[in-house]
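For reference, the chains in residue letters:
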Amino acid sequence: TQLLEQSPQFLSIQEGENLTVYCNSSSVFSSLQWYRQEPGEGPVLLVTVVTGGEVKKLKRLTFQFGDARKDSSLHITAAQTGDTGLYLCAGHRNSGNTPLVFGKGTRLSVIA
Amino acid sequence: DSGVTQTPKHLITATGQRVTLRCSPRSGDLSVYWYQQSLDQGLQFLIHYYNGEERAKGNILERFSAQQFPDLHSELNLSSLELGDSALYFCASSALRPEAFFGQGTRLTVV
């Protein structure tokens, strides 16, 4: 059983469209992170959310942490071809140096 | 550049062999994590070291072992390799904050 479930698994959209991807769990997380990974490269950290209900914006990307700290979403406005990649959510269930567990990711393809 | 260095970048070896993957964490980071990434399984947590001590084990096979040295670099040893061990192996390092910073990975191909 996957601790963090991401949906959709695959998403293909036209440039300029908006999209939202989701990360859900039945467990409470002390924090959640979103990473973006390109083929053959390591995941790159985009953002960390730590407070229930928190919303963070990074240019065209908006990240939200659920009130109960069990889920998160990533919304991209006016997608660009450069947004193509694998988006991974990850989190620590407890504070401190506990393992960071990952969802399987959403593979996004933005077509010109 | 994340500041985490992994070597080698690519490794091709035969079944039954043993290999060692190396990771140098970001300066000052005491935590090192190892992950295995295959196409159908996503990023699977293998093992976590903090300041030289093992802190947590994930889905790590008995044929695999790791250690973190006094200078904080870490090595992942994979032995009796099987075809199914072919994957990307990532190392990540972390300070006390929740985020982890990943290296470029080692692509292992077992033939």
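Only a predicted model underlies this, so the values are computations on that prediction, with no experimental measurement involved.

Attention shifts here to the environment of B:Val32. All names here are of chain B. Tracing the backbone through its elements, the reader meets Val 32 in strand E4 (residues 31-38). Among the residues examined, Val 32 registers a relative accessible area of 0% and is labelled buried. In this structure the C-alpha to C-alpha distance between Val 32 and Ile 47, which are 15 residues apart in sequence, comes to 8.4 Å. Among all residues touching Val 32, those that are not within four sequence positions of it are Cys 23, Pro 25, Ile 47, His 48, Tyr 49, Gln 68, Leu 72, Ser 74, Cys 91 and Ala 92.

On to the interface of chain B and chain A. Facing the 25 residues of chain B at the interface are 19 residues of chain A. When residues of chain B are sorted by the area they lose upon contact with chain A, B:Leu43, B:Pro98 and B:Phe102 head the list and together hold 28% of the total. Counting across the interface, chain B meets chain A through zero salt bridges. The interface formed by chain B and chain A includes four residue pairs in polar contact (both at pLDDT 80 or more). Considering only residue class, the side of chain B that touches chain A consists of 13 nonpolar, seven polar and five charged.

Another aspect to go through is the pattern of salt bridges. All names here are of chain B. Scanning the model with the defined rule gives six salt bridges over all chains in all. Two residues, Asp 85 and Arg 63, come together in a salt bridge whose shortest N-O distance is 2.8 Å. Of the two residues, Asp 85 sits in the loop between strand E8 (74-78) and strand E9 (87-94) while Arg 63 sits in the loop between strand E6 (53-57) and strand E7 (64-68), which places them 22 residues apart along the sequence. Through salt bridges with shared partners, a single ionic network connects Arg 63, Glu 82 and Asp 85.

About the cut-offs
Residues numbered from 1 in each chain as written. Chains lettered and ligands numbered in written order. Predicted model: local features only at pLDDT ≥ 70, side-chain atom pairs only at ≥ 80, totals over all residues. Heavy atoms only, no water. Helix = DSSP H or I, 4+ residues; strand = E, 2+ residues; numbered from the N terminus. Buried < 20%, exposed > 50% of the residue type's maximum accessible area, 1.4 Å probe, protein only. Contact = heavy atoms within 4.5 Å. Buried area = accessible area lost by both parts, 1.4 Å probe. Salt bridge = Lys/Arg side-chain N within 4 Å of Asp/Glu carboxyl O. Polar contact = N/O pair within 3.5 Å; in protein donor to acceptor, adjacent residues only side chain to side chain. Nonpolar A, V, L, I, M, F, W, Y, C, P; charged D, E, K, R; others polar.

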